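Below, each chain spelled out in residue letters.
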There are 4 protein chains.
Amino acid sequence: MVKRGDRLPVYYHDYLQLDRLLDAQAPESAKTGDEAHDELLFIIVHQAYELWFKQILHELDEVHAIFSQESVPERSMGRVVGHLERVVAIQRILLDQVDVLETMTPLDFLDFRDLLVPASGFQSVQFRLIENLLGLEHDRRMKINEADYTSRFTDSHRALLEASHERPSLFELVDAWLQRTPFLHFGDFEFWKTYREAVDRMLARDRALIESNPNLTVEGRSEQIAHFDAAAGGFDALFDASAYEEVRAAGERRLGHEAFLAALLINLYRDEPILQLPFRVLQALMNVDEGFTTWRYRHSIMVLRMIGSKIGTGGTSGHDYLRKTATRHRVWTDLFDLATFFIPRSELPALPPSVVGAMRFHMSVGDV
Amino acid sequence: MVKRGDRLPVYYHDYLQLDRLLDAQAPESAKTGDEAHDELLFIIVHQAYELWFKQILHELDEVHAIFSQESVPERSMGRVVGHLERVVAIQRILLDQVDVLETMTPLDFLDFRDLLVPASGFQSVQFRLIENLLGLEHDRRMKINEADYTSRFTDSHRALLEASHERPSLFELVDAWLQRTPFLHFGDFEFWKTYREAVDRMLARDRALIESNPNLTVEGRSEQIAHFDAAAGGFDALFDASAYEEVRAAGERRLGHEAFLAALLINLYRDEPILQLPFRVLQALMNVDEGFTTWRYRHSIMVLRMIGSKIGTGGTSGHDYLRKTATRHRVWTDLFDLATFFIPRSELPALPPSVVGAMRFHMSVGDV
Amino acid sequence: MVKRGDRLPVYYHDYLQLDRLLDAQAPESAKTGDEAHDELLFIIVHQAYELWFKQILHELDEVHAIFSQESVPERSMGRVVGHLERVVAIQRILLDQVDVLETMTPLDFLDFRDLLVPASGFQSVQFRLIENLLGLEHDRRMKINEADYTSRFTDSHRALLEASHERPSLFELVDAWLQRTPFLHFGDFEFWKTYREAVDRMLARDRALIESNPNLTVEGRSEQIAHFDAAAGGFDALFDASAYEEVRAAGERRLGHEAFLAALLINLYRDEPILQLPFRVLQALMNVDEGFTTWRYRHSIMVLRMIGSKIGTGGTSGHDYLRKTATRHRVWTDLFDLATFFIPRSELPALPPSVVGAMRFHMSVGDV
Amino acid sequence: MVKRGDRLPVYYHDYLQLDRLLDAQAPESAKTGDEAHDELLFIIVHQAYELWFKQILHELDEVHAIFSQESVPERSMGRVVGHLERVVAIQRILLDQVDVLETMTPLDFLDFRDLLVPASGFQSVQFRLIENLLGLEHDRRMKINEADYTSRFTDSHRALLEASHERPSLFELVDAWLQRTPFLHFGDFEFWKTYREAVDRMLARDRALIESNPNLTVEGRSEQIAHFDAAAGGFDALFDASAYEEVRAAGERRLGHEAFLAALLINLYRDEPILQLPFRVLQALMNVDEGFTTWRYRHSIMVLRMIGSKIGTGGTSGHDYLRKTATRHRVWTDLFDLATFFIPRSELPALPPSVVGAMRFHMSVGDV
């Protein structure tokens, strides 16, 4: 270990290890004696992706460490939001990199594409680790030509991926954190009973909306009513633990029942001081999910444009695979679904003063 | 008409008609005496969309006018590219606006959502006109609750939309322009015969790739071979006019045979001076298509986030509808598919010097 | 007032008042009988700017209302951050609109530019109101050809602008809010004395850095030492109220002394739960400031590109004016300068447990 | 050299050399035993910058090679535009990366900042090479503490930079290319005489505008007239070679006289087929220049925010240096100034039919 006082002057180039970094691009086409101009771009775009994936893992690992504690300190909440918002800022770069890669036309790609077989972006270990860390379940993943996704990796990489399945995911940790929240039980105040009554009033009104919608045909109305009844059934499952478990067993819900209710409550009463940061944590988790969803979709269109309906270098139809994962590999679908169960603020039960009082600071900060 | 010399001084505020513009936001919630803060955002985002749609129509109309001429002058090509690239620049704003709208949370939306029924973004006349102008076919459009999309408009708007179906779309005009191109026939040089030979060599190599891919299981290989055979069949249809027509009749191809070949040739020989601008036109058309595809998809995720699985104000499941249109309402799928038929430049037949000579300028501009 | 139950069906087109909105573009060139294609773009870009300015005013007005209260409730902090972050999201659109406007070339602009004289973007009432609301001081504003900025407006607009000078700006309200903060005095704990000692240690080390920097020439070192002494003098002014007032009187500082110290403390101890949201408020204010600074600068380059060194339609050198305002019209320079007074966390005085205890929630939420 | 047939299967991870790439981040703070979380971000942002700088050099080198030919083939023009537009797409990422770096707060930076002394972003060899390649003149560069910019590099890097000064810059090559253009002399047609007459008409009108502007005070009018006279003087220098050389000797113009005129003509008659691509080349050069200008400015604000008025790790006031370079290190100021000399299209002299004829293709492509 080096003491701060004993250090040598630092040189930008060495600090960033640029000799290694800028010497790590070896186009396959150059080895054939006929370098394709755009292969460097192809390499650098993917290297930049991997650098950013490393950074994203660094941020998510920190969030993971915070949520791994038995009791998550309030003072860490701000940092959790900061880490996740940084991931969102990085995702904007990931998206813009698709634009840069699209400046390479399919014909340019063909100059070196066959030299890359059977390599494929599927084989990004770090991206798979990010997905696993976020909480993508192993059996939810798309197969690749009917094989498990790990089949395309070397033994050591496969071991890394398998180890990542053993570790609790961020999803599981946040699930547990939500379950532990003390916000669900307020002494004598039966929050959920009051909420259910408000919901029932809203449902009655929504059904009336459908029944009186002049734009609907008879068939359209029946269809909408069926859709509505399904929605009302959703509320039943929301309030009843065993019904909820059925929905969850069917794979339509993933958070535990109390965690789901806690997330709902945090959203509905986000203005209470103690809920402001938890609300931002949930928002940030959704933003991260949406960022990857968008990126996968854009990626799928880019592949379509690049190879048409050709077979990808990795041996699959790249476009279809990617387009399907865009929707299927989402992790925080439950948070997106929360909106299904919101009711207008004007109809929200007011929290009793004792509860509200417990949710604020008690420094003499009335005027902060 | 006002002579340039007789004009009154112009005042910024009046020039932009800001009295009207800034007085055109009337939140429904304000009418109930309890204005929801975010309804203004909701209105302004949609108004900004409509302003940009007007601008996009203005650009596309100009492109339409250029391609409507019996003979499209070379000197207009640069402007065509300029108009389309402007649309692409605007699409970036359209996407940013989704981010802005997402700063409104579902709970904020609920403060005024029920006041908007049965209005819906489906009812943007201008967006429908854009889609029709680009070339989205009437029978390809998603139905809305089994009704034709025009059913949701007032009579006068419906008439506008129906009129737009009568007008040749940009797709049809570009199709005709490509068909008229003189690049397909080079005197004695049998381009397509030479190209077909090159393709056959490439196909043989690609099949070998699949057969020797160590990552494939037996089943995977069969599947890939089947996929490959389909691809090879695609080439058959490419070179044979009647086979092509069958594919087209099946709805898998839309451009005419000669137009498709012309687009292919423009891509393959894009460096020839006379093809440089036409190549950029085709690129720009694809960029416009991709921009709307991405926007529709982002829009669909935003709706999911905003209303969960609730019924949209327009009476449908907004998210599903939008997500499906993202893929289905694409117009230039043929141009994306072109990549399927590219072969590496190293194997491209060289054009005879007489052809190359005809494709360049003849000013003494060797050194331009 | 309309009861929610008695409402008529809403139609998208009418709700957005599109008949008015889309009829509010009247190119001057069209009046001469020779419409310039790009004038519509010019109008629509500026109209979109004005729509967004209205929205920004709407958000800032809400923040203003919150900070206008004698005691700012904790429960409003989350919303303050939300409003400001929305402004930042809108600023991204403002920037992208510059890209769109730049698709109009100078030659295209010349087709209608002389028809606009003497109108000018200076005359955006709303943008001036935004600047005034944020806290740009009247006498800090750039003059326009030696005249007060209000001279370019109609009487009614001038009255609006003058009225806005009478209202306390957001800067002043936040200044007062920071001054009222209870965080500066912690009973017996003499925070600032402890902090000053830590600072003195850091300053000694920084001076050593300069003295031993091998890259400096003799002259360079003297210059740096002078620069350093100025910085050290800055710390003197930080801790001494009357010295601070001198700096402030010289126009180099604007926040009150206690407000500046409060902002410093919020930054340094931002992880304490009670400071997490105030920290985000300060960050968001800086982001808003930076957004407008960047936009003004980009705007100035765009003008340079559009008219070169010609005289602007408003009668000034547009580029120079805008470039100078980019830096000069910044409001939150104090918050940017805070970094000057930070010391590494490793050397920050620890807050006493009693203080830390007062800064957290007291619900049994250890495990939230 | 490896034959295409004899190749081993390629593995994504090895192809991208990820073992080296992802092992090249060695935070200095980690060496002290107390790793600062954000130092990895700091390293990765800068490494990503350097990867993109490598790519930008790759693109500019290709453009350089094309313009280094004695006679630049028309068929390369499309590719020149493509390379430059790719640089512009990359610059968008460079800008986004500033946003990501700004998620690191000054306090986070302080955790490791003193460990980096005296390293500095000034020391990016590649960025200096980019500037030199584009054409930033050695004596135009900002000094760093009165020393030449090369003084901050190791001997081998200094040698690289000095070698780059010996090589003709892209500016010089484009200058020469423009000078060689045949578009300036059209046989008997005295273009510039006709143009001058048109200009004189426009100048007379512009002076009238100023004289009749009701918004100007007496002093304002005098100032404007002086400004105007300077502009008119600019036109004199435009048409007179020796006057032009004086302006150039004074450092206010850099392109050769004929090159400047050629650039002007390309802009004015950009619709002629032969000028469409050259016009796009000039536009793209301006976009690249503007991209770096904007990035430097954003960078300067970011530094201000990060260190306030502290001394940078490299021993200078980072913010001031960067802000000044934003304007001063621009290369293509001449192209931005061109707009000064444009006149409205309605007053542009028509080119004689023989000239127009020489500027188009002569294939039977009337209907392309």
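Note that the structure is a prediction, hence the values are computed from the model and not measured.

Parameters at a glance
- Residues numbered from 1 in each chain as written.
- Chains lettered and ligands numbered in written order.
- Predicted model: local features only at pLDDT ≥ 70, side-chain atom pairs only at ≥ 80, totals over all residues.
- Heavy atoms only, no water.
- Least-squares fit on C-alpha atoms with pLDDT ≥ 70 in both.
- Contact = heavy atoms within 4.5 Å.
- Buried area = accessible area lost by both parts, 1.4 Å probe.
- Salt bridge = Lys/Arg side-chain N within 4 Å of Asp/Glu carboxyl O.
- Polar contact = N/O pair within 3.5 Å; in protein donor to acceptor, adjacent residues only side chain to side chain.
- Helix = DSSP H or I, 4+ residues; strand = E, 2+ residues; numbered from the N terminus.
- Nonpolar A, V, L, I, M, F, W, Y, C, P; charged D, E, K, R; others polar.
- Phe/Tyr/Trp six-rings, centres within 6.5 Å; stacked < 30°, edge-to-face > 60°.
- Buried < 20%, exposed > 50% of the residue type's maximum accessible area, 1.4 Å probe, protein only.
- Lys NZ or Arg CZ within 6 Å of the ring centre and 35° of its normal.
- 1 Å grid on protein atoms, 1.4 Å probe; cavity = no way out; pocket = protein on both sides within 12 Å on 5 of 7 lines; lining within 4 Å.
- Points joined across faces, edges and corners; volume = space filled by probe spheres on them.

(A) View of the relation of the copies chain D and chain A. Superposition record for chain D on chain A: RMSD 0.0 Å, screw rotation 180°, translation along axis 0.0 Å. Here the copies are linked by what is in effect a two-fold axis.

(B) Seen up close, the interface of chain B and chain C. With 72 residues of chain B in contact, the opposing surface of chain C contributes 72 residues. Between chain B and chain C, roughly 6900 Å² of surface is buried when both sides are summed, and carbon and sulfur atoms account for 61% of that area. Counting every contact that joins chain B to chain C gives four salt bridges. Linking arginine 20 of chain B and aspartate 23 of chain C is a salt bridge whose minimum nitrogen-to-oxygen distance equals 3.5 Å. The interface formed by chain B and chain C contains 32 residue pairs in polar contact (both at pLDDT 80 or more). For the side of chain B that touches chain C, the elements supplying multiple residues, two or more each, are α1 (12-15), α2 (18-21), α3 (28-31), α4 (39-67) and α5 (77-101) of chain B. The element best represented in the side of chain B that touches chain C is α4 of chain B, accounting for 18 residues. Its residues assigned to classes, the side of chain B that touches chain C comprises 33 nonpolar, 20 polar and 19 charged.

(C) View of the packing of aromatic side chains. In this structure the tally under the stated criterion is 92 aromatic pairs over all chains. Aromatic side chains phenylalanine 127 of chain D and phenylalanine 292 of chain D sit 5.7 Å apart centroid to centroid with 70° between the ring planes, which places their arrangement in the edge-to-face category. Highlighted residues: phenylalanine 127 of chain D in helix α7 (residues 125-134) and phenylalanine 292 of chain D in helix α14 (residues 273-307), separated in sequence by 165 residues. For the pair shown, phenylalanine 127 of chain D and phenylalanine 292 of chain D are each scored as buried. Three or more aromatic residues joined by ring pairs make a cluster, and in this case those are Phe191, Trp192, Tyr195, Phe235, Phe239, Tyr244, Phe260, Tyr269 and Phe341 of chain A. The positively charged end of arginine 254 of chain D is found above the aromatic ring belonging to phenylalanine 171 of chain D, 3.9 Å away from the centroid. When the ring centre of phenylalanine 336 of chain D is taken as reference, the NZ or CZ atom of arginine 330 of chain D above it lies at 4.9 Å.

(D) Spatial organisation of the interface of chain D and chain A. Chain D puts 72 residues into the contact, and the matching count from chain A is 72 residues. Counting the surface lost from both chain D and chain A, the interface buries some 6900 Å², and carbon and sulfur atoms represent 61% of this. Scanning the region where chain D abuts chain A turns up four salt bridges. Our count for the chain D to chain A interface comes out at 32 residue pairs in polar contact (both at pLDDT 80 or more). Residue classes in the side of chain D that touches chain A are distributed as 33 nonpolar, 20 polar and 19 charged.

(E) How the structure looks around the relation of the copies chain B and chain C. At an RMSD of 0.0 Å, chain B and chain C line up after a rotation of 180° and a shift of 0.0 Å along the axis. The share of interface residues of chain B whose copies in chain C are also at the interface is 100%, consistent with both copies meeting through the same surface.

(F) Molecular detail of the layout of surface pockets. Of the volumes computed, that of the second largest pocket is approximately 1300 Å³. Forming the boundary of the second largest pocket are 47 residues, of which Gly251, Glu252, Arg253, Thr333 and Asp334 of chain A lie nearest the centre. Residue assignment for the lining of the second largest pocket shows that the elements contributing at least two residues are α8 (155-166), α9 (170-180), α11 (218-239), α12 (241-249), α15 (318-328) and α16 (333-337) of chain A together with α14 (273-307) and α15 (318-328) of chain B. Ranked by residues supplied to the lining of the second largest pocket, first place goes to α11 of chain A with six residues. Grouping the constituent residues of the lining of the second largest pocket by class yields 13 nonpolar, 17 polar and 17 charged.

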